[in-house]
There are 2 protein chains.
Amino acid sequence: MASSLDSLEGEIETQNALFNELRLSGSDPAGLEEVKKKLGELKKSLGQAKAKAAADGATASGSKEVAGKKKERILLKTAKGTRDYGPAEMFCREYVERIVKDCFSTYGGSCLDTPVFERKEILAGKYGEDAKLIFDLMDQGGEQLSLRYDHTVPLARYLAMMGGTNTQSKLWQVGKVYRRDNPVMSKGRMREFSQADFDISGTWDPMIPDAEIISLICTILSKIDVGEFTIKMVFSRYAVYPQTRLGLFLLLLTNSTNFPDKIGEYVKHKGGPELLAKLLADSALSANPSAKQGLDDMGLLFTYLSAYNVIDKISFDMSLARGLDYYTGIIYEAIVDASAPPGFKANPSVGSSTTPSPALPKKKVTKKVKNEDGEEEEEVDESQVGVGSIAAGGRYDGLVGMFSAAAAGDSKKSATSKGSIPCIGISIGLDRIFALVWPKWVEKGKRSKETMVYVMAAGDGLLVERMKLVKELRDANIKVDFLAKKKPKLPVQFAAGERDEVPFAIILGESEIKEGYVMVKQQKWEMVDGKKVKVLAEGDEKGEKVDREQLVEWLRATQTWKDWEDGKL
Amino acid sequence: MASSLDSLEGEIETQNALFNELRLSGSDPAGLEEVKKKLGELKKSLGQAKAKAAADGATASGSKEVAGKKKERILLKTAKGTRDYGPAEMFCREYVERIVKDCFSTYGGSCLDTPVFERKEILAGKYGEDAKLIFDLMDQGGEQLSLRYDHTVPLARYLAMMGGTNTQSKLWQVGKVYRRDNPVMSKGRMREFSQADFDISGTWDPMIPDAEIISLICTILSKIDVGEFTIKMVFSRYAVYPQTRLGLFLLLLTNSTNFPDKIGEYVKHKGGPELLAKLLADSALSANPSAKQGLDDMGLLFTYLSAYNVIDKISFDMSLARGLDYYTGIIYEAIVDASAPPGFKANPSVGSSTTPSPALPKKKVTKKVKNEDGEEEEEVDESQVGVGSIAAGGRYDGLVGMFSAAAAGDSKKSATSKGSIPCIGISIGLDRIFALVWPKWVEKGKRSKETMVYVMAAGDGLLVERMKLVKELRDANIKVDFLAKKKPKLPVQFAAGERDEVPFAIILGESEIKEGYVMVKQQKWEMVDGKKVKVLAEGDEKGEKVDREQLVEWLRATQTWKDWEDGKL
């Protein structure tokens, strides 16, 4: 079945190896002869295939690639703007992701999973200028496809496809999204990056879903312990839909000649409830029905945020109005003080007007630099803008309706007509959170593996005995490993267990097996001068004899085990 | 900043809505006039932009798309061979994934994450004929990229990049892979599908990693409860590397004239230890050094599998030798009886010779059918082949070395030279497992959400009080929800809580709040004639008064809570 040069070459290599092995192992001459004959045939086929490939030349894409391959060195690297995450990093990332997902379901969310690529027309017209950053797939016959740019548009497409059967829901998505942006690897801006989204769809009473979303992001950031943070609120450019009267109010301010002398003053405002008090005290504002409604909504939101006990995290910034094309109301950004740009100070004092967001178009301070391939690329001078917000979101009441209308072929249907579902959501930049959490883990010398027990044996290896105990413990849901060697020396086994920083070393011996017990050593690691050092438990240098029958219970009852479960190890 | 027709149109819609809103809310005429003026300017810009787009014609790709858009109806669907997974399905899938990941770490594995796309040359030459199924990205300047086809090749690329610093490890990956195959949605064969991989790399003593992998897959399939299953072993076509003497032995059998009259007999064999006994009893085989070595290894493997207590799951099938180009030893397949093709019976009797695997090339019984778009496509007649294996894997000792050699530009370096790392792994088809588990969940009427408590209020809504209690419970890590309405009627709130099948309904009232308690109703659902029916706990029709201060402890102490934690609800 060898159809390509590659598989022919592979088969020849196979037969060559077989031939050598047979010769060395003293096989019979007839067998050797047979293999030799087959080898000859294969080499002949390869010659013919190579000639054909050369004749087909550059037109046959498959052959061309193979023919040119041997001369070219493979560049052993990941695609531009992407990277691998190895075991230690992934242990931390999985930890972060678990907290985020757990908070999502604590807030009543259900998981949604959409494909990593969409039909191109689904993404078209949703991202304004940034559409140029969309990754397209090659048209290999059939559909024009693009990698998803965010989770919001696929969610809206999903809700529109559900045709109103899922009009009131809390949905979350965790996964990677793709932007053909200029990557700045060192600062964590990637072409492939992870976002965790939580969205509330449906018609609810004003400001309640908004307050839920803000409370949620505050809960998550507190649990992950990213340090002090502020939720900054700005206004979208398209704040027009029924549930966004607050945004409308702001639009009114900036569009109306009603308060010509005040606009400059209003838009400078930043802050929380004290800002509202200031605005309410302005009789000119209160006299205007639209403004009054806006102020009422702001008051409602602040009341709810007080009930959720997160009001001190909020800073309204009335100087900005921006966002992606699909945003229709308030836009939220979570900014961690540690990651804030120079000059940014947390609520309630002065906010920043330059903080970029992973989801929002931004002004960039750029310079040309050479990348690793020698190509010139723009590098954002992040020292000027900080690493930016770690979560961003907002209200997008028109997006689902836009899909429903387009699917119905009705260009006159406005986004506010039937088939429309108001939505509000937030996207959490998991990579940025990881970038904050990971250095702390390294500094604290946190473990990067969950293995609790390493099973070893002295003397003759006792491999089968080790396997039996390993299986027994694993069946009890204990994370166990051992060295996959038949007769490894004890120090080698200890070294392997120490590489995993296992809290328990169990040593099997012939006589102990007969008598029905095992030796257990408890091990701890502590950071000393920036290095991990093993510390044996007091009086445990020699280990402890434990009844084999009681082993699982004994392990779980130790302080070491409890410390691990409490996250202290 | 409106640069495209889309954003201009969006802005016009915004201003239109604003204008109407202002008019209705009785805004001042001056303000109205200003909005009207802006509207006029925008419409003028739109006209100019449209004229320009028409002049640019079909050559400007961006404009073309926008200009043609209004006429075309958007097809509201996911890309061919992909699908969304909604809340209930995802709840089940997340459950399966958690078990798999947990087993992976119980077996000493660490997580690895690689990008969803790779440089095209990384995938080239690894998949033989199936290379035509690789999804390519459009070349948008820079690199030629392809979506990953499996997790094995990216893992080998990662190990080669580590340059020998990670030569002995157990790594797992869970994520989606992509194949431009003909999808058969109804049978669960997709172009985007989820695989969970576990791989052991490094030079270990013979058959120990092999036994670990087989024990692991048995543990996972038992925990997920997919029903009876068999691990079928077949031999790879390229069984040549040092750690695969067993494969070599089989290759020897089929290549040698040593046992001309026996070959037909040997290759018919299927089974476990009794097969080995039969082969060992053959003096002609034992007299041959290579065959003897192969039999010794088979004996070792069976000894280890007995220690792991999984020997009864094994069936060797000596009639087959196949696999992807990179496999070098034994290939494993896990076949669930429920999904086995007609005629397949579990170990130790007769194995199937037609069972396909998601990772292995297969003979297909195909027929032409029209798909939903009216295009003709091949549909595999799955009734002829069964839904196939749910996990497959094998040894690939040459793949990492192939990358190391290619990166060094040394085409003469064989895959067995320095830089090579022997590997063995297994890929679990999560979609196929889900296809087995999901119908059982539906039948049993399992919950599809984790929300434990729904907080409600009678009378005036008590929204802020509800929010405070909700926050309190969420802070205690209890999954809670409530209706995002200001003054919802009690039956509406109950209905919403019942939709989530929450075990606890908590009702707030003015007087109860003052007196410091809440009313709690415990609710259970049972399947009656295939429908979910709510059953109130005995004597709990009116609910129970619970001290607000003790609420969290009280909830956790109930039998209902324990039942949920035990997986009974």
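Residues numbered from 1 in each chain as written. Chains lettered and ligands numbered in written order. Predicted model: local features only at pLDDT ≥ 70, side-chain atom pairs only at ≥ 80, totals over all residues. Heavy atoms only, no water.

For chain A, an unreviewed UniProt entry supplies the name histidine--tRNA ligase and the organism Lentinula edodes. What UniProt states about chain A under its Sequence similarities (unreviewed entry) heading is, verbatim, "Belongs to the class-II aminoacyl-tRNA synthetase family." (UniProt positions renumbered as here; feature names shortened; annotations may be inferred.)

For the rest of this paragraph, the subject is the overall build of chain A. Scanning chain A from terminus to terminus reveals 19 helices and 19 strands. Within chain A, the proportion of its 569 residues that are buried is 57%. For chain A, the accessible surface area stands at approximately 23,300 Å², while carbon and sulfur atoms represent 52% of it. (Helix = DSSP H or I, 4+ residues; strand = E, 2+ residues; numbered from the N terminus. Buried < 20%, exposed > 50% of the residue type's maximum accessible area, 1.4 Å probe, protein only. Areas by Shrake-Rupley, 256 points an atom, 1.4 Å probe, with all protein chains shown as cover.)

This part is about the packing of helix α15 (residues 463-475) of chain A against helix α7 (residues 208-224) of chain B. What describes two packed helices is the angle between their axes and the distance between those same axes. Close contact between α15(A) and α7(B) brings their axes to 13 Å; oriented N to C, the two are set at 20°. For the element pair α15(A) / α7(B), the angle class is roughly parallel. The chirality of how α15(A) crosses α7(B) is right-handed. Residue-level inspection shows A:L463, A:M467, A:K471 and A:R474 of α15(A) in contact with α7(B), the latter providing B:I208, B:E212, B:S215 and B:T219. Among the residues forming the contact of α15(A) with α7(B), the class breakdown is three nonpolar, two polar and three charged. (Axes fitted to C-alpha atoms, helices over the stretch in contact; angles between N-to-C directions. Parallel < 35°, antiparallel > 145°, perpendicular 65-115°, else oblique. Left-handed = near helix turned anticlockwise from the far one by under 90°. Contact = heavy atoms within 4.5 Å. Nonpolar A, V, L, I, M, F, W, Y, C, P; charged D, E, K, R; others polar.)

All right, on to empty space enclosed by the protein then. In total, this model carries 13 cavities of 30 Å³ or more according to the counting rule given. Roughly 810 Å³ of internal volume is contained in the largest cavity. Every residue lining the largest cavity is counted, 40 residues in all, and those nearest its centre are A:V174, A:G175, B:E97, B:V174 and B:G175. Of all the secondary-structure elements, those providing two or more residues to the lining of the largest cavity are α4 (87-106), β4 (169-178) and β5 (192-201) of chain A together with α4 (87-106) and β4 (169-178) of chain B. Of the residues assigned to the lining of the largest cavity, the class counts are 15 nonpolar, ten polar and 15 charged. Its volume calculated, the second largest cavity comes out at about 100 Å³. For the second largest cavity, the full set of lining residues is A:K80, A:F135, A:R180, A:R191, B:L137, B:M138, B:D139, B:Q140, B:G141, B:G142, B:E143 and B:L145. (1 Å grid on protein atoms, 1.4 Å probe; cavity = no way out; pocket = protein on both sides within 12 Å on 5 of 7 lines; lining within 4 Å. Points joined across faces, edges and corners; volume = space filled by probe spheres on them.)

Turning our eyes to something else, we now look at the layout of surface pockets. Reported here for the second largest pocket is a volume of approximately 1,700 Å³. The wall of the second largest pocket is formed by 48 residues, among which A:E94, A:R98, A:E450, B:R98 and B:D102 lie closest to the centre. Put simply, the parts of the chain that give the lining of the second largest pocket at least two residues each are α4, β1 (110-111) and α19 (559-565) of chain A together with α4 and β1 (110-111) of chain B. Of the residues forming the lining of the second largest pocket, the biggest block, ten residues, is contributed by α4(A).

Okay, helix α16 (residues 490-499) of chain B next. All names here are of chain B. Among all positions in α16, only Q493, F494, A496 and G497 are buried. Buried residues along α16 cover an arc of 160° about the axis, so they all sit on one side. In α16, the exposed positions that point more than 90 degrees away from the buried face belong to P491 and R499. Residues of α16 that are buried make contact with β14 (453-457), α15 (463-475), β16 (504-508), β17 (517-528) and β18 (531-536). E501 lies just past α16 and shows a positive phi near 50°. (Arc of directions from axis to C-beta.)

Before going further, it helps to examine the packing of aromatic side chains. On inspection of all chains with the given rule, the structure shows 21 aromatic pairs over all chains. Relative to A:F198, the ring of A:F104 lies with its centre 5.3 Å away and its plane at 45°, an arrangement referred to as tilted. Pair noted here: A:F104 is in helix α4 and A:F198 is in strand β5, with a separation of 94 residues, a long-range link. Its relative accessible area of 2% is what places A:F198 among the buried residues. On the basis of an interplanar angle of 25° and a centroid distance of 5.6 Å, the ring pair of B:F434 and B:W438 is categorised as stacked. Highlighted residues: B:F434 and B:W438, both in helix α14 (residues 430-444), separated by four residues, approximately one helical turn. B:W438 sits in the partly exposed class, given a relative accessible area of 22%. An aromatic cluster is present here, built from A:Y85, A:F434 and A:W438 joined pairwise through their rings. Above the ring of A:Y149, the side-chain terminus of A:R179 is found at 4.1 Å from the ring centroid. One Lys or Arg, A:K313, reaches over the ring of A:F229 and ends 4.4 Å from the middle of that ring. (Phe/Tyr/Trp six-rings, centres within 6.5 Å; stacked < 30°, edge-to-face > 60°. Lys NZ or Arg CZ within 6 Å of the ring centre and 35° of its normal.)

Backbone geometry follows two general trends: most residues other than glycine have a negative phi, and most peptide bonds adopt the trans configuration. Residues and elements named next belong to chain A. The backbone phi angle of N477 is positive, close to 65°, even though this residue is not glycine. Checked against the element boundaries, N477 lands in the loop between α15 and β15 (480-482). Unusually for a residue other than glycine, D529 sits at a positive phi of about 50°. Here D529 falls in the exposed class, since its relative accessible area comes to 79%.

Once that is clear, we can look at the environment of B:Q523. All names here are of chain B. Position of Q523 relative to the elements: it lies in strand β17. Residue classification places Q523 among the buried positions, given a relative accessible area of 2%. It is 68 Å that separates the C-alpha atoms of Q523 and L285, two residues lying 238 residues apart in sequence. A polar contact is formed between the side chain of Q523 and the backbone oxygen of V502, at a distance of 3.0 Å. (Polar contact = N/O pair within 3.5 Å; in protein donor to acceptor, adjacent residues only side chain to side chain.)

Let's shift gears to the packing of helix α6 (residues 152-161) of chain A against helix α13 (residues 399-407) of chain A. Residues and elements named next belong to chain A. Between α6 and α13, the shortest axis-to-axis distance is 8 Å and the interhelical angle comes to 55°. Here α6 is positioned oblique relative to α13, judged by the angle of their axes. The hand of the α6/α13 crossing is right-handed. Facing α6, whose interface residues are T152, V153, A156, R157, L159 and A160, α13 presents L399, V400, F403 and S404.

Residue and element names in this part refer to chain A. When pLDDT is averaged along chain A, the result is 77, and 66% of the positions lie at 70 or above. Below a pLDDT of 50 lies the segment residues 54-71, which in the model reaches eleven contacts outside its immediate sequence neighbourhood of four places, other chains included. Scoring the predicted complex yields pTM 0.81 and, for the interface, ipTM 0.80. (pLDDT = per-residue confidence, 0-100.)

Looking now at helix α13 (residues 399-407) of chain B. Residues and elements named next belong to chain B. In terms of burial, α13 is largely enclosed, as seven of its nine residues are buried. Restricting attention to buried positions, one finds in α13 the residues L399, V400, G401, F403, S404, A405 and A407. Those residues of α13 that are buried lie in contact with α5 (120-123), α6 (152-161) and β13 (423-429). At the C-terminal side of α13, G409 shows a positive phi close to 75°.

A:I428, A:V453, A:L473, B:I428, B:V453 and B:L473 are the most contacted members of the largest nonpolar core, which has 195 residues in total. Filtering out sequence-adjacent residues up to four positions away, A:V453 remains in contact with A:L473, A:I478, A:K479, A:V480, A:D481, A:V502, A:F504, A:I506 and A:L555. Within the second largest apolar cluster, 26 residues are counted, among which are A:I74, B:I122, B:Y127 and B:I134. (Core = buried A, V, L, I, M, F, W, Y, C linked by side-chain atoms within 4.5 Å.)

So, about the pattern of salt bridges. All names here are of chain A. Counted under the stated rule, the structure contains 52 salt bridges over all chains. Note that R93 and D431 form a salt bridge whose closest N and O atoms lie 3.3 Å from each other. Here D431 lies in helix α14 (residues 430-444) and R93 lies in helix α4, a separation of 338 residues in the sequence. Overall, D431 belongs to the buried group, its relative accessible area being 9%. K313 serves as the salt-bridge partner of E228, at 3.8 Å between the closest nitrogen and oxygen. One end of the pair, E228, is in the loop between α7 (208-224) and β6 (229-235); the other, K313, is in the loop between α12 (289-307) and β8 (314-321), with 85 residues separating them in the sequence. A residue is classified by how much of its surface remains accessible, and E228, at 53% relative accessible area, is exposed. We classify K313 as buried; its relative accessible area is 17%. (Salt bridge = Lys/Arg side-chain N within 4 Å of Asp/Glu carboxyl O.)

Attention now moves to the environment of A:D225. Residue and element names in this part refer to chain A. Here D225 lies in the loop between α7 and β6. For D225, a relative accessible area of 46% translates into the label partly exposed. Counting along the chain gives 212 residues from D225 to V437, while the straight-line C-alpha distance between them is 7.9 Å.

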